[in-house]
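# Fold and geometry: a report
What follows is each chain in one-letter form.
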Amino acid sequence: MSAIASFLRGRLIGGLEFRVAVALLLLVGVCAVAPQLIVALSPGSPSPTACSIRAENGSYQDRLAPSAEHWFGTDRQGCDEFSRVIHGARHSLIVGVGAALLIAVVGMTLGVAAGWRGGWVDAIVRRVGDLVLGVPLVVGMILILAVLVPGQRSATTTVVTFTVLLWPTVARISRAATMLIRTESYIEAARASGASVMRICLRHVVPNALPPVAAYTASLVGLLIGYEAVLSYLGFAVDASVVSWGQMMDDAQTYYSRSPHLLILPGVFLSVAVAGFLLLGDAIAQGPASLDQRT
Amino acid sequence: MTLFVLRRGAGAIATLLASTMLVFFITFALPGDPARAIAGHRQVTESTLSAIRARYGLDEPLWEQYIGWLGRLLRGDLGESFVARRPVTDMMQEALPVTLTLVAFTVVIEVVLGLIIGASAALRRGKRSDNAVLAACTIGLSVPLFVVGSLAQDSFGIDLRWLPVAGIRNGFFSYVLPALTLALPGLAIAVRLVRAESITQLCAPHTRTARGKGISESAVLRRHVVRNSSVPFVSFVGLEIGALVGGAIVVERVFNLPGVGRAIAQAISQRDNVTIVGFTMAIITVYLAVDLVADLAMIALDPRIERMS
């Protein structure tokens, strides 16, 4: 029986945190997958990139206050802020979920290998991990992005940067879990029945080491969505054709005292996404399938 | 104990050497020619550029430059900034106190409020006020710091005129808003940690025994609950100080504080390699030193840890 299936059974479904997380993530998820559906609710411009500073009658359309036509007002280029806030979910989720999954895969591969083999594999994974964690996260991000992308960063380079700096934590978690699992009697049984190391790791070690990694990875998505916005704020801009919350907030900074909603509204949506993933992580960590509660 | 300190100290120095080497090689792989950065906007000939390279040792192989840098480091010389034309140690003397003051304020806020709020939430476990604290923690971890910082700046600084909004000219008061902003996510983690740990201790058999002996409730809390919850908390504070020294960059930018984070960001954008490496090394040193002190504090609180390691 897979550990994932046992998450979905048991108390997890009933937990308040889990239900709130699912509600928040559904909201953000719909924004990311089908933003047109939500934007169509508003009578304003449906496209986040079709913007004009002057309307046909000659009136200025930039930085309008929220109104019936533009629910969240317009930004400095006359774009409908509501449309941009809704469309912005996609970039944040792609970077956050993509990086967290890549970190989970890389970290687990190295962590399980280190915990299973021990010896020099373990020593190398641990030393390199300690080394990477020794470099302060924000400084590391700036250094790597400055080397990898002299110009604008893309979703891919951001994901790679996060992965390079954050795999060691997942490796530590899955290494510790693997070392516990290795001594279990079902591993001995699998060995006795002649299963290969590869099969034991994939069918027995990885599924059983998954709960703590899954809890961390879910929370990590939230943190990475936050860091992605911070990168925009620190001047690492994404391509202007990408609608991104970080970019919107960075722009809004300049006009903060006159148009505070341009900073606050994307900030609120970003917080909702982050909170959803943090709560999901908490729910998984407290779920019935977590390692230390199983007997 | 001495053996433990020696072993951990040696490990810390090895990590410091390896991470500075890592940062050194990444930095010098940065696109852009530092010699051109030094020459500034002036039109220069190739011979001038090679003269500059020779002057700053940039024509030597990378590993020789690194060895040279290490040798000067042992004499307390971190080199001269390409851009500011000043010793990096001078720049550090200006920036480091700003960041360390900010971090010290922040940590005090996190520790004091974290212990108070966390322990009181644990005592009211499952009640409405406890749930409110947990919800506030999730919100505190979710909101982006630069948005919170701008909001605080605008409401407490500009509208209400209670506190200064930027720079460090107002001494202590300059740090109040930045520290409160920077403390937010760490405080949320601290509260959750203290709460969870206190709940574990409140349910532990030794607490039941202490109560059964008839010890007063306040003594039970002080001697059995809080003291036992403090071990993971000390470990958190150690990691947190290290993370804050590097992570202060966002808040320093919002409140325009001339700290380490701003110096590094500026140096990276100006390709000022010597400054980047010097400041990064300073941050990593603080990080490792705090980690070592935190480990020693944990042993002082719970001697079993030394035997386990």
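Summarised in this report is the structure supplied together with it. The residue numbering used here restarts from 1 in each chain and proceeds along that chain's sequence as written. Chain letters and ligand numbers both follow the written order, the letters beginning at A and the numbers at 1. Selection of residues for local features in this predicted model requires a pLDDT of at least 70, selection of side-chain atom pairs for listing and counting requires 80 or more, and totals for whole chains, interfaces and linings are taken over all residues.

## Focus: the overall build of chain B
If you tally the helices and strands in chain B, you get 14 helices and zero strands. Along chain B, from the amino end to the carboxyl end, the secondary structure elements read α-α-α-α-α-α-α-α-α-α-α-α-α-α. Taking the principal axes of the C-alpha coordinates as reference, chain B spans close to 85 × 55 × 30 Å. A residue is called partly exposed when the number of other C-beta atoms within 10 Å of its own lies between 12 and 20, exposed at 12 or fewer, and buried at 20 or more, with C-beta atoms placed from the backbone. Expressed as a percentage of the 309 residues in chain B, the buried residues total 40%. Here a strand is any run of E in DSSP of at least two residues, a helix any run of H or I of at least four, and the numbering for each starts at the N terminus.

## Quick look at the overall build of chain A
The secondary structure content of chain A amounts to 11 helices and zero strands. Helices and strands in chain A line up, N terminus first, as α-α-α-α-α-α-α-α-α-α-α. Across the 295 residues that make up chain A, the buried fraction comes to 47%.

## Overview of the interface of chain B and chain A
Contacts between the two partners involve 32 residues from chain B, matched on the other side by 33 residues from chain A. For the side of chain B that touches chain A, the elements supplying multiple residues, two or more each, are helix H1 (2-28), helix H6 (128-142), helix H7 (145-159), helix H10 (217-247), helix H11 (249-254), helix H12 (260-269) and helix H13 (273-301) of chain B. The dominant element in the side of chain B that touches chain A, judged by the number of residues it contributes, is H1(B), at seven residues. For this classification, Asp, Glu, Lys and Arg are treated as charged, while Ala, Val, Leu, Ile, Met, Phe, Trp, Tyr, Cys and Pro are nonpolar and the rest, including Gly, are polar. Here the residues of the side of chain B that touches chain A sort into 22 nonpolar, nine polar and one charged. Residues are treated as contacting if the C-beta atoms built from their backbones sit within 7 Å of each other.

## A closer look at the packing of helix H4 (residues 81-117) of chain A against helix H9 (residues 197-233) of chain A
Residues and elements named next belong to chain A. Here the axes come from fitting lines to C-alpha atoms, over the contacting stretch only for helices, and the angles between their N-to-C directions go from 0 to 180 degrees. Relative to each other, H4 and H9 sit at 145°, their axes nearing to 8 Å. For the element pair H4 and H9, the recorded crossing hand is right-handed. Residue-level contacts link Ser-92, Val-95, Gly-96, Val-97, Ala-99, Ala-100, Ile-103, Ala-104, Met-108, Val-112 and Trp-116 of H4 to Cys-201, Val-205, Val-206, Ala-209, Val-213, Thr-217, Leu-220, Val-221, Leu-224, Ile-225 and Glu-228 of H9. Of the residues assigned to the contact of H4 with H9, the class counts are 18 nonpolar, three polar and one charged. If you view the pair so one helix is near and one far, a crossing is left-handed when the near helix is turned anticlockwise from the far one by less than a right angle, and right-handed when it is turned clockwise.

## A short note on the packing of helix H9 (residues 205-212) of chain B against H10(B)
Residue and element names in this part refer to chain B. In the contact formed by H9 and H10, the axes pass within 10 Å of each other and the chain directions differ by 155°. If you check the angle between H9 and H10, you find them roughly antiparallel. In this structure, H9 meets H10 at a crossing whose hand is right-handed. Across the interface between the two elements, His-206, Thr-207, Ala-210 and Arg-211 of H9 pack against Val-220, His-224 and Val-225 of H10. Residue classes in the contact of H9 with H10 are distributed as three nonpolar, three polar and one charged. Every angle not falling under 35 degrees, over 145, or within 65 to 115 is termed oblique; those three ranges are roughly parallel, roughly antiparallel and roughly perpendicular.

## Remarks on the nonpolar core
What we call a nonpolar core is a set of buried Ala, Val, Leu, Ile, Met, Phe, Trp, Tyr and Cys residues whose membership is set by joining through C-beta atoms within 7 Å. Formed by 152 residues in total, the largest nonpolar core has its most connected members in A:Ile142 and A:Leu224. Among the elements that take part in this core, H9(A) stands out by supplying 19 residues, more than any other. Among all residues touching A:Ile142, those that are not within four sequence positions of it are A:Leu234, B:Ala265 and B:Ile268.

## Quick notes on helix H11 (residues 261-286) of chain A
In this scheme, a helix's expected span is set at 1.5 Å multiplied by one less than its residue total. For H11(A), spanning 26 residues, the distance from its first C-alpha to its last is 36 Å, which sits close to the expected 38 Å at 1.5 Å a residue. A large share of H11(A) lies buried, amounting to 20 of its 26 residues.

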